[in-house]
Every structure is written in C-alpha cells, then in structure tokens.
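Structural overview
Residues per chain, in single letters:
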Amino acid sequence: MENSYITQYPDLMSGKKIMYVHGFSSSGQSGTVKMLQDCMPNATVIAEDIPLHPEEGLAMLKKMAEQEKPDLIIGTSMGGMYAEMLYGYDRILVNPALKMGDTMSSMTGKQTFQNPRKDGVQDFIVTKGLIKEYKDITGLCFEGINTEEQKHVYGLFGDADPLVHTFDLFREHYPYAIKFHGGHRLIDKVVHHYLIPVIRWIDDRQNGKERPIVYISYDALHDSYGKPVSSMHKAYEMLIQNYQVYIVAPAPTNNHEYINLVMTWVEENLSSPAFNHIVFTNQKNLLYGDYIIDPLPDENFMGTAIEFGNDEFKTWEEVITFFERLGGQ
C-alpha cells in the first residue's frame, strides 16, 4: 500500500458509516480500510473478510448491509462487483470486476491472501469450478437497476488499469461512469484526487447541502499552447473542497471538434472532479452562481466577477489567496 501522504477531511461523511468491500485475495484488514479511516476520521469505516465462494460472499454482504445500514458502500475490483448488487445504497465502484470469472481465468492454482484473514487461512486454491462460480454470480449484475437506482451509483475506472476493463459495460447500465488517472489499486493519490471529490458529492446530497458556485472560464485554465497554467491544479483542488466548481466554455454552432477538444482537455487535466461539471454557453450573463473567474467576464454576471490576468489577479496564486481569505464563503 502506497501511503506517502494522507490528507484528512474531518467534515466529510462526519458521523456516517462507510462499508468497504475488498478485492479478490484481500481481506477486511486491507490497508485501504485504514487509509479511508485516516482520510475521514469522523466517519466509521467497516469491512469484513468476504468468503471465497461468491454465493456465500454475496449473502454475507447483503446481511451485513442490512444490519449495518451504511450511508455509503465503496467496493474495489471484486468488491466493486459485489457492491453493484447491493441495491438500495449509495455506492462507489472502483475498477469493478464485473466480469470476475474472466478476470480470474489466469489465476488457477495455489494463491496466497494478500492480507491477514480472521480465520487465519493464508492460502487457497483457484479451480475451474471456482471460476465458474464467479462467472455465474456476475450474471446477477445489473438485475436490480431502475431509474432511481442509477442516481446512486458511481463507477471510477483507472485509465491505466491492466486487469479490469469494464468501463463500457458499466456505462451501458449507469450514467455516472468516470475515468481517473491511475491503475487498478486504490492508492492514496487516487483517494485524494479522485475518490474524495465523488464522496463529497454524495455527502452533500445526503445532507441537502448546496455549496457556493464558482465558474471558471476554460480560457483561464490553459496557455496559448493548451498547457495548464501555473498553479491552476493547486487552485482547482482548493476550490472543489468548498465550492461547486464548473468549467465554462463557448458553444460554437455545430463545432463538435471544439466541444470534444474542451471535454478531452478537462478529462485529461482535471479528471473525475470535473465530471458533469462543464457548461457550454455563449450567454455567460445567464449563469446563476456566486463567482466567475474569467479573462473577459461578462459585466452582467449577477455574482462576483474575478478578471483573471488583470493587475489584481495576474496568476492563480492571487486567486488562491482571495478564496483562502473568504474561507469557503
């Protein structure tokens, strides 16, 4: 487990319960559990060892969810497969192995659990029969979907994941399919930059909380070569902790190439925190919000306009200072 740093979010999921569903050959003692608890010290993170046989595993997890009544379920890899089937809860599936039988096809033979198990078992055997059991259980995926259920499930998919490739399959059934920069494992960097913003969306919705809105012009994010402007990432990550942040770009008539360019740039440079947070408009004065950061702000914008690049806000560092003084207001 790569834990070079842990950023804490004491207000996030405060007083709530998070159920973590671990991946294959892991356990409830996974370092991910401690990492999540360290990140959200005022939440309660629970996890249990999942039985090796999938029918037993699913039954155990359903019973656990019914007893614990978690506010959020987070499942990784095989755990993401199981979490998809735990209907009725807010869920985040990270690199879900929705074709778990196929994922296991090269794992036959003796295997060792990566983390300690409560029963003390260290080794197990992957047989063709066990692989078939997992292929059969994944046939239950997506059976409990309805329109309401689709609002409560997010899928996060690493763009460098060498093991699981179920983004397209997930997107066929759920609208919130989000790519992030990372591999298969849920390391601390992925948690901080990509998972925490999604948890914050869910926490705000559960609490009925509406944060102040900040619009950022796409032109304030990049230079003439299309490269991110200095300190832009630092400012963006600071802002999303306290505000709803939307990227605003022009909407040229029938210029799909430009629209795709903007969406690709935002996906590559801001990734999952900007998912569904891009606004294309030629009438910025119609935007309803609290702040707009723009090299050419519309004078009719109803909130506070920050003219990026002028003497007061020459760089993103000045913008950072301005919002730090506001303290989230």
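As shown above, the structure is provided for reference.
Chains are numbered independently. Their residues run from 1 in the order of the written sequence. Where local features are concerned, this predicted model is filtered to residues with pLDDT of at least 70; where side-chain atom pairs are given and counted, the filter is 80 or more; whole-chain, interface and lining totals use all residues. No hydrogens and no water enter the side-chain calculation; it runs on all heavy atoms of the structure.

What about the packing of helix 2 (residues 54-68) against helix 5 (residues 128-137)?
Packed helix pairs are characterised by how far apart their axes lie and by the angle those axes make with each other. Every axis in this analysis is a line fitted to C-alpha atoms, fitted for helices over the stretch in contact. Angles between the N-to-C directions lie between 0 and 180 degrees. Secondary structure follows DSSP: runs of H or I at least 4 residues long count as helices, runs of E at least 2 residues long count as strands, and numbering of each begins at the N terminus. At a minimum axis separation of 9 Å, helix 2 and helix 5 run at an interaxial angle of 45°. Taken together, helix 2 and helix 5 sit at an angle that is classed as oblique. Where helix 2 abuts helix 5, its residues Pro54, Glu55 and Leu58 lie against Leu130, Glu133, Tyr134 and Ile137. Any residue outside Ala, Val, Leu, Ile, Met, Phe, Trp, Tyr, Cys, Pro, Asp, Glu, Lys and Arg is labelled polar, Gly included; the first ten of those are nonpolar and the last four are charged. For the contact of helix 2 with helix 5, a count of residues per class yields 5 nonpolar, no polar and 2 charged. With respect to orientation, any angle under 35 degrees is reported as roughly parallel, any angle over 145 as roughly antiparallel, any angle of 65 to 115 as roughly perpendicular, and every other angle as oblique. For this analysis, residues touch if any pair of their heavy atoms sits within 4.5 Å.

Concerning the pairing of strand 3 (residues 72-76)
Side chains on a regular strand alternate between the two faces of the sheet. Exposed residues in this analysis have more than 50% of their type's maximum accessible area, buried residues have under 20%, and partly exposed residues fall in between, with area computed by a 1.4 Å probe over protein chains only. Strand 3 sits mainly inside the fold: 5 of its 5 residues count as buried. Taken together, the 4 bridges between strand 1 (residues 17-21) and strand 3 define a ladder with parallel strand orientation. When the bridges of strand 3 are listed, Met19 appears paired with Ile73. Judged from the 4 bridges that link them, strand 3 and strand 4 (residues 91-94) form a sheet pairing that is parallel. Counterpart to Ile73 in the pairing with strand 4 is Arg91. Between the parallel elements strand 3 and strand 4, the chain passes through helix 3 (residues 78-84) in a crossover that is right-handed. Two strands are said to pair when DSSP picks up at least two bridges between them. Looking down the strands as they point away from the viewer, one classifies a crossover as right-handed if the path from the first strand across the helix to the second runs clockwise.

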